[in-house]
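Okay, here's what each chain looks like letter by letter:
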Amino acid sequence: MIEDLVSLSYEELSDFIKEQGEASYRAEQIFRNYASGFSLSEMTDIGKNLKEKLSLYENSAIEEVKKLIDRDGTEKYLFRLRDGNYIETVLMRYKHGNSVCISSQVGCRMGCRFCASTLKGKIRNLSAGEMLMQVSVVNRDNKVSNIVIMGVGEPLDNYDNLLRFLKNVNDPRGMNIGQRHISVSTCGLVDKIKALAEKKFQITLSVSLHAPDNETRNKLMPVNLKYGVEEVLDACRYYISRTGRRISFEYTLIKGVNDGVEQAETLGRKLKGMLCHVNLIPVNYVSERGLFPSDKKTIDAFRDKLLAMKINTTVRRTLGGEINASCGQLRYQQEEDERRERL
Ligand code: SAH
């Protein structure tokens, strides 16, 4: 018994189609359709009878309920899943092409203090099919060249589905997006970073560090109580040694919390000699949290300290500020709106 047609690999889909007594080219068609952002009901090359027969097995279709466009070109999609949950997906435009930022879970259980995605905990994991459909549906409107798994959820807390998604989205018979065009972002689940290292994928691993010492990181990220800074950095070194890939560290700057020059210096010392890059991001203000972004002077001083220590560092431009395109804000809003309507 299969659970979901959309999450199957090409090989699994072929076997399933054969078992159903259908011609093998049907597997090719269906796999390609999902990769093109079409769910069964929208497929034009599959007959009504077959659609009806298969619809029983299609559980990862997603439905666009809202799309917001920012002045800077960023587009934010709100999708409804088959079970009524909402997820969000963001398209960002860069000179080098379009990146889609996808969610990996409904909600998140990591509890980072600055993040809106985690306010109500984790509802469930997304299937590989639901991750794929976010990319392929957005790709219908705008050609997607890069994928970042940096939306709502902790992808390494949904490890098996993540691996399945990576395989399917990479398949030349489907979306055919190369591993080097995919980034996976984690809050630092050490055991899973090590497991992923063994896969020797060519994807980019982003690690959300946000503080160079346990005292500060414990306050911002509860996950640090389980895997401390040194352990995370050790896992990163291991990852680099197995894959030869540069790690990207995310560091969100919060006024008066983690933005001091001495913290930049500690960070620089700990990253010395590592094949890595630091991405500084002024924290997006989430009204429920009461944390504020650092001012420009502080950000520049933090960056300059790292650069002086020969650490590759950039300050990330923030996109989509107007449309709440950050970190679970839209989904949260939608749920709050519905809650108010019910009351
Ligand atoms: N769980 C994964 C991926 C999702 S979060 C992770 O932790 O990496 C994606 C990135 O957005 C992470 O670096 C996260 O720390 C950051 N982030 C979350 N809330 C933010 C906020 N309010 N402002 C700036 N960055 C934020």
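That block above? That's the structure.
Here is a short report on the structure shown in this document. Sequence positions are assigned chain by chain, starting from 1 and proceeding in written order. Since the coordinates come from a predicted model, pLDDT governs what is reported: local features require at least 70, and pairs of side-chain atoms require 80 or more to be given and counted, while whole-chain, interface and lining totals use all residues. The side-chain quantities take in all heavy atoms of the structure and omit both hydrogens and water.

**Observations concerning the overall build of the protein**
Here is step 1 of the chain: Numbered from the N terminus, helices here are DSSP runs of H or I no shorter than four residues, and strands are runs of E no shorter than two. Secondary structure assignment for the protein yields 11 helices and 12 strands.
Here is step 2 of the chain: A globule of 343 residues ought to have a C-alpha radius of gyration of about 20 Å, and the protein, at 21 Å, matches this closely.
Here is step 3 of the chain: We call a residue buried when its accessible area falls under 20% of the maximum for its residue type, exposed when it is over 50%, and partly exposed in between, using a 1.4 Å probe and counting protein chains only. Relative to its full complement of 343 residues, the protein shows a buried share of 57%.
Here is step 4 of the chain: For this analysis, residues touch if any pair of their heavy atoms sits within 4.5 Å. Within the protein, counting contacts between residues at least 6 apart in sequence, those at least 24 apart form 68% of the total.
Here is step 5 of the chain: Accessible area for the protein stands at about 15300 Å²; split by element, carbon and sulfur atoms hold 48% of it.
Here is step 6 of the chain: Seen as two clouds, the 52 positive and the 46 negative side-chain charges of the protein have centres 4 Å apart. Taken over C-alpha atoms, the radius of gyration is set against a globule rule of 2.2 Å times the number of residues to the power 0.38. The protein chains shown are the only cover counted for residues, whose accessible areas, like all others here, come from Shrake-Rupley with a 1.4 Å probe. When charges are counted, Lys and Arg are positive and Asp and Glu negative, with His and the chain ends excluded. A charged residue contributes its charge at one atom only: NZ of Lys, CZ of Arg, CG of Asp or CD of Glu.

**Topic: the site of the ligand**
Here is step 1 of the chain: Around the ligand there are 17 residues in total, and Phe114, Ser185, Ser208, His210 and Asn284 lie nearest to it.
Here is step 2 of the chain: Within the side chain of serine 185, one N or O atom sits 2.6 Å away from an oxygen atom of the ligand.
Here is step 3 of the chain: Pairs of N or O atoms within 3.5 Å make up the polar contacts considered here, provided that, within protein, one atom can donate a hydrogen while the other can accept it, and that residues adjacent in sequence are counted only when both atoms are side-chain atoms. A distance of 2.8 Å separates a nitrogen atom of the ligand from a polar atom in the backbone of asparagine 284.
Here is step 4 of the chain: Protein contact buries 93% of the 530 Å² of open area that the ligand shows by itself.
Here is step 5 of the chain: Within the residue set of the shell around the ligand, elements represented by two or more residues are strand E8 (182-186) and strand E10 (247-253).
Here is step 6 of the chain: Tallied by class, the residues present in the shell around the ligand amount to seven nonpolar, eight polar and two charged. In these notes, residues near a molecule or strand are those with any non-hydrogen atom within 4 Å of it. Note that Gly is not counted as nonpolar here; it falls among the polar residues with everything else outside the nonpolar set of Ala, Val, Leu, Ile, Met, Phe, Trp, Tyr, Cys and Pro and the charged set of Asp, Glu, Lys and Arg.

**Re the pattern of salt bridges**
Here is step 1 of the chain: The term salt bridge refers to a pairing of a side-chain nitrogen on Lys or Arg with a carboxyl oxygen on Asp or Glu at a separation within 4 Å. Under the counting rule described, the total for this entry stands at 24 salt bridges.
Here is step 2 of the chain: Across the salt bridge formed by glutamate 198 and arginine 242, the nearest N and O atoms sit 3.0 Å from each other. Highlighted residues: glutamate 198 in helix H6 (residues 190-199) and arginine 242 in helix H8 (residues 229-243), separated in sequence by 44 residues.
Here is step 3 of the chain: Taking the relative accessible area as the measure of exposure, glutamate 198 reaches 39% and is therefore partly exposed.
Here is step 4 of the chain: When salt bridges that share partners are traced, they join Glu11, Lys167, Asp171 and Arg173 into one network.

**Looking at unusual backbone geometry**
Here is step 1 of the chain: Even without a glycine there, the phi angle at lysine 200 is positive, about 50 degrees.
Here is step 2 of the chain: The topology assignment puts lysine 200 in the loop between H6 and strand E9 (204-208).
Here is step 3 of the chain: Residue lysine 200 is classed as partly exposed on the basis of its relative accessible area, which comes to 45%.

**Comments concerning helix H4 (residues 128-141)**
Here is step 1 of the chain: Across the 14 residues of H4, 11 count as buried, placing the element largely inside the fold.
Here is step 2 of the chain: Where H4 is concerned, the buried positions are Ala128, Gly129, Glu130, Met131, Leu132, Met133, Gln134, Val135, Ser136, Val137 and Val138.

**A few points about the packing of aromatic side chains**
Here is step 1 of the chain: Side-chain rings of Phe, Tyr and Trp, where Trp is taken by its six-membered ring, are said to pair if the distance between their centres is within 6.5 Å; with planes under 30 degrees apart they count as stacked, over 60 as edge-to-face, and otherwise as tilted. According to the stated counting rule, one finds four aromatic pairs in the structure shown.
Here is step 2 of the chain: A ring pair is formed by tyrosine 251 and phenylalanine 302, whose centres lie 4.9 Å apart and whose planes are at 40 degrees; its orientation type is tilted. A residue pair is termed long-range when its members are at least 10 positions apart, and tyrosine 251 in strand E10 and phenylalanine 302 in helix H10 (residues 296-308) qualify at 51 residues. For the pair shown, tyrosine 251 and phenylalanine 302 are each scored as buried.

**Re the sheet that holds strand E3 (residues 86-94)**
Adjacent strands of a sheet pair through backbone hydrogen bonds, lying either parallel or antiparallel.
Here is step 1 of the chain: We treat two strands as partners when DSSP finds at least two bridges between them. Overall, mixed pairing links the 10 strands, which are arranged E1-E2-E3-E4-E7-E8-E9-E10-E11-E12 in an open sheet. Both edges of this open sheet fall to strand E1 (62-69) and strand E12 (313-315), since each of them pairs with a single strand only. When strand polarity is set aside, the average angle formed by the axes of neighbouring strands in this sheet is 20 degrees.
Here is step 2 of the chain: Here E1 runs beside strand E2 (residues 75-81); their pairing, made up of seven bridges, is antiparallel. Only the stretch in contact is used when fitting a helix axis, every axis being a line fitted to C-alpha atoms; angles between N-to-C directions are given from 0 to 180 degrees.

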